[in-house]
Amino acid sequence: MTQTANDRRLDMIGIGNAIVDVLSREDDSFLETHKIQKGGMTLIDMERAEALYAAMGPGLEVSGGSVANSTAGFAALGGRAGFIGKVKNDQLGQVFAHDIRAAGVDFQTPMATDGDSSARCLVVVTADGQRSMSTYLGASQGLTEADIDPDYISSAKTVYLEGYLWDPVEAKKAFLKAMHIAKDAGTKVALTLSDSFCVDRYRSEFLDLVDNHVDILFANEDEIISLYQTDSFEDALKALGHKVDMAALTRSEKGSVILQGQDVVEIKAAPVDKVVDATGAGDLYAAGFLYAYANGLDAKGMGEVASLCAAEIISHYGARPEADLKKLVAGVMAAA
């Protein structure tokens, strides 16, 4: 029997890359010395990961990955969140599991006992707030259909998936399995396009997902323009039309646009004194949006909660909130 939304044990389950984020403050000369693209994300192999890790100064190690960050933010807001992602039973795998559980997220995915080491994202943050990422995906790419428990997926109101994990064939199968289970169980499916380079590689497949599997779509301006290969954001909005129940499209300092049926709701960016580190801005936007969605807010309320969460995360170092998110969004939640 299909559960109603109120019967479900979890509000949201995220499925994505399980990565340990290693953040370090460095100057631009570090980027030049180690040939790191400023402001970008580069995939690296294990050898380069070890070399960069050794060269970085003291840093912060926390459970990361785009959707993993969203689940941690969701839990910080008071929501019931779970996460499915693969780590190896090694030092960084143990760091990931302990940290995400300590953040209040339910994490039950069995650890790999052999194969690639746990994934890590080496994030160099420069004085201008730019983050330059070198990512070794390792064990996180080992997610399979066996890691998708139908009862677990059915226990959530929403399942949230990341485009970053669409590369490995077995992980793709796991995603599709989760989507089909969700549909049968009445669980909503949310997807983030993750990055323009993901869209460029898998445009036809992503278009099929949007048309046939996704209820809630997250994308930034560049990603949605890339998906529909348009010349402007406005043209991309028209192309997206009513293909999903809801879409949350972020535009950095321009705020965001929420599409829901015939409604187009523009949300102003929440004010922030200084952008210190942009790591996790989109992840926490999604956390706030999905939390407000789970609690029945309208499109305007969802966008406002999301924007407040994103503004909090870019005002300091790292992708974990430092302020009390519950207090931060209490006014918007109470007004709903």
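Conventions used here
Residues numbered from 1 in each chain as written. Predicted model: local features only at pLDDT ≥ 70, side-chain atom pairs only at ≥ 80, totals over all residues. Heavy atoms only, no water. Buried < 20%, exposed > 50% of the residue type's maximum accessible area, 1.4 Å probe, protein only. Helix = DSSP H or I, 4+ residues; strand = E, 2+ residues; numbered from the N terminus. Pairing = 2+ DSSP bridges. Axes fitted to C-alpha atoms, helices over the stretch in contact; angles between N-to-C directions. Left-handed = near helix turned anticlockwise from the far one by under 90°. Contact = heavy atoms within 4.5 Å. Nonpolar A, V, L, I, M, F, W, Y, C, P; charged D, E, K, R; others polar. Phe/Tyr/Trp six-rings, centres within 6.5 Å; stacked < 30°, edge-to-face > 60°. Core = buried A, V, L, I, M, F, W, Y, C linked by side-chain atoms within 4.5 Å.

A. View of the pairing of strand β2 (residues 19-25). Among the seven residues that make up β2, six are buried, leaving the element largely enclosed by the rest of the structure. Two elements, β2 and strand β4 (residues 60-64), share five bridges in a ladder whose sense is antiparallel. Directly across from Leu23, in β4, lies its bridge partner Leu60. Relative to strand β7 (residues 119-125), β2 is paired through seven bridges, and the arrangement is parallel. Paired with Val22 across the strands is Leu122, a residue of β7.

B. Here's a closer look at the packing of helix α11 (residues 281-294) against helix α12 (residues 299-314). At a minimum axis distance of 7 Å, the contact between α11 and α12 shows a crossing angle of 145 degrees. Here α11 runs over α12; the crossing is right-handed. Note on element contacts: α12 touches α11 through Gly301, Met302, Gly303, Val305, Ala306, Ser307, Cys309, Ala310, Ile313 and Ile314, opposite Ala281, Leu284, Tyr285, Gly288, Phe289, Ala292 and Tyr293. Within the contact of α11 with α12, the residues separate by chemical class into 13 nonpolar, four polar and no charged.

C. Inspection of helix α3 (residues 66-76) at higher detail. Judged by how many residues are buried, α3 sits mostly within the fold: 10 of 11 residues are covered. Taken together, the buried positions of α3 are occupied by Ser66, Val67, Ala68, Asn69, Ser70, Thr71, Ala72, Gly73, Phe74 and Ala75. Of the residues flanking the end of α3, it is Gly78, one or two places downstream, whose phi is positive at about 105 degrees.

D. How the structure looks around the packing of aromatic side chains. Taken as a whole and assessed by the stated rule, the structure comprises 11 aromatic pairs. When the centroid spacing of 5.4 Å and the interplanar angle of 70 degrees are considered together, the rings of Phe96 and Phe107 count as edge-to-face. In this pair, Phe96 is assigned in helix α4 (residues 91-102) and Phe107 in strand β6 (residues 106-107), connecting sequence segments 11 residues apart. Summarising the aromatic geometry, the rings of Tyr164 and Phe197 are spaced 6.1 Å apart at their centres and angled 40 degrees between planes, so their arrangement reads as tilted. Residue Tyr164 is located in the loop between β9 (156-162) and α6 (169-185), and its partner Phe197 is located in helix α7 (residues 196-201); the two are separated by 33 residues in the primary sequence. Its relative accessible area of 19% is what places Tyr164 among the buried residues. Linked through ring pairs, Tyr160, Phe218, Tyr285 and Phe289 together constitute an aromatic cluster.

E. Highlighting the nonpolar core. Core analysis: the biggest nonpolar cluster contains 58 residues, and Phe83, Phe96, Phe218, Ile258 and Phe289 have the highest contact counts within it. With nine residues, α11 is the largest single contributor of residues to this core. The residues contacting Phe289, other than those within four sequence positions of it, are Ile216, Phe218, Met246, Ala248, Ile258, Met302, Gly303 and Ala306. Core analysis: the second largest hydrophobic core is formed by 46 residues, Ile13, Ala171, Ala178 and Leu217 among them.

F. Inspection of the environment of Phe289 at higher detail. Mapped onto the elements, Phe289 comes out in helix α11. The exposure class assigned to Phe289 is buried, which follows from its relative accessible area of 0%.

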